[in-house]
Amino acid sequence: MTIELIDLLKAGVHFGHTKSKRHPGMIPYIFGVKQTINIIDLEQTQIKLEEALNFVREITSKGGVILFVSSKKQASEIVKEAAMKAKMPYINTRWLGGTFTNFDNIKQLPGKLKNMEDEQAKGKWDRYTKKEALEKEREVVRLKEMVEGIKNMEKLPQAIFVVDMKTDKTAIQEATKTHIPVIAICDSNVNPKKVEYPIPGNDDAVKSITFLTNAIAEACVQPIAKDNK
């Protein structure tokens, strides 16, 4: 996938927050201000996005895993669909504290969900009363909401992709503690130095989120270009 400036422009990736909310760390990525709104420099976005995509290709070409993360409402389905297309795990609801820092305990929840779904599919719930079966169904729904996207993630990922650094700051903090590189969309109101692969861009508009998230997802299934030597 070749990232063109016109595509970034059409997706509205350049619209940041108001000037008063600008984080000093984002100054190098700001083109200017229009009607109090920070305008992100799309040439910088193009450069940083390509760096992130190359990193993603490097990881996935070796069988590595990228965890897609967003508990932001407007990004929830976008992240889920993109991750599923890329055959990668995702968290698109509330981040469970300890997902990385207490992974040995957290990974038991997906295991519990898979076992309950397996029992239900094999008709093993038939021996329960209606009340007991209803309680189990509610538990499955609760577990799905929490861990459905990571139920096949047997170990910590090699990197994470985060849509909104403010909304999912806990995920970034845990990734930092466990030395997991972070790829993140960086709007004009966040500190890009908190992540290894910042992508300057609009983290609120659906079109922008969709474009950038799908770019990461496509890179997950793209082979690394070979040198023509």
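Parameters and conventions
Residues numbered from 1 in each chain as written. Predicted model: local features only at pLDDT ≥ 70, side-chain atom pairs only at ≥ 80, totals over all residues. Heavy atoms only, no water. UniProt positions renumbered as here; feature names shortened; annotations may be inferred. Axes fitted to C-alpha atoms, helices over the stretch in contact; angles between N-to-C directions. Helix = DSSP H or I, 4+ residues; strand = E, 2+ residues; numbered from the N terminus. Parallel < 35°, antiparallel > 145°, perpendicular 65-115°, else oblique. Left-handed = near helix turned anticlockwise from the far one by under 90°. Contact = heavy atoms within 4.5 Å. Nonpolar A, V, L, I, M, F, W, Y, C, P; charged D, E, K, R; others polar. Domains from an automatic or database assignment. Buried area = accessible area lost by both parts, 1.4 Å probe. Salt bridge = Lys/Arg side-chain N within 4 Å of Asp/Glu carboxyl O. Polar contact = N/O pair within 3.5 Å; in protein donor to acceptor, adjacent residues only side chain to side chain. Buried < 20%, exposed > 50% of the residue type's maximum accessible area, 1.4 Å probe, protein only.

- The name given to the protein in an unreviewed UniProt entry is Small ribosomal subunit protein uS2.
- Database annotation for the protein, UniProt heading Sequence similarities (unreviewed entry): "Belongs to the universal ribosomal protein uS2 family."

## Here we look at the packing of helix α3 (residues 76–86) against helix α8 (residues 206–220)
Phase 1: Contact geometry of α3 with α8 gives a least axis separation of 9 Å together with a crossing angle of 15°. Judged by the inter-axis angle, α3 sits roughly parallel to α8. The way α3 lies across α8 gives a crossing that is right-handed. Between α3 and α8, the contacting residues are Ile-78, Val-79, Ala-82 and Ala-86 on the first element and Val-206, Ile-209, Thr-210, Thr-213, Asn-214, Ala-217 and Cys-220 on the second.
Phase 2: Of the residues belonging to the contact of α3 with α8, the class tally is 8 nonpolar, 3 polar and no charged.

## Here we look at the domain arrangement of the protein
Phase 1: Under the domain assignment used here, the protein contains domain 1 (3–98 + 155–219) and domain 2 (101–146).
Phase 2: Taking the mean C-alpha position of each, domain 1 and domain 2 sit 32 Å from one another.
Phase 3: Of the residues lining the interface, 10 residues belong to domain 1; the matching set on domain 2 comes to 7 residues.
Phase 4: Summed over both sides, the interface between domain 1 and domain 2 buries roughly 730 Å², with carbon and sulfur atoms accounting for 67% of that surface.
Phase 5: It is Thr-93, Leu-96 and Gly-98 in domain 1 that bury the most area against domain 2; as a group they hold 55% of the surface buried on that side.
Phase 6: Applying the counting criterion to the domain 1 and domain 2 interface returns 0 salt bridges.
Phase 7: Summed over the shared surface of domain 1 and domain 2, the number is 4 residue pairs in polar contact (both at pLDDT 80 or more).
Phase 8: Tallied by class, residues from the side of domain 1 that touches domain 2 come to 2 nonpolar, 4 polar and 4 charged.

## Overview of the pattern of salt bridges
Phase 1: One pass over the full model with this rule turns up 12 salt bridges.
Phase 2: Taking the shortest distance from any N to any O, the salt bridge between Glu-51 and Lys-48 comes out at 3.1 Å. Of this pair, Glu-51 and Lys-48 are both found in helix α2 (residues 42–60), 3 residues apart, which corresponds to roughly one turn of the helix.
Phase 3: We classify Glu-51 as partly exposed; its relative accessible area is 36%.
Phase 4: Judged by its relative accessible area of 16%, Lys-48 is buried.
Phase 5: Close ionic contact of Lys-112 with Glu-139 constitutes a salt bridge, the shortest N to O distance being 3.0 Å. Of the two residues, Lys-112 is situated in helix α5 (residues 108–121) and Glu-139 in helix α6 (residues 130–147); the sequence distance between them amounts to 27 residues.
Phase 6: Residue class for Glu-139 comes out buried when judged on its relative accessible area of 18%.
Phase 7: Look at the salt bridges and you will find they share partners, linking Lys-72, Asp-164, Asp-203 and Asp-204 into a network.

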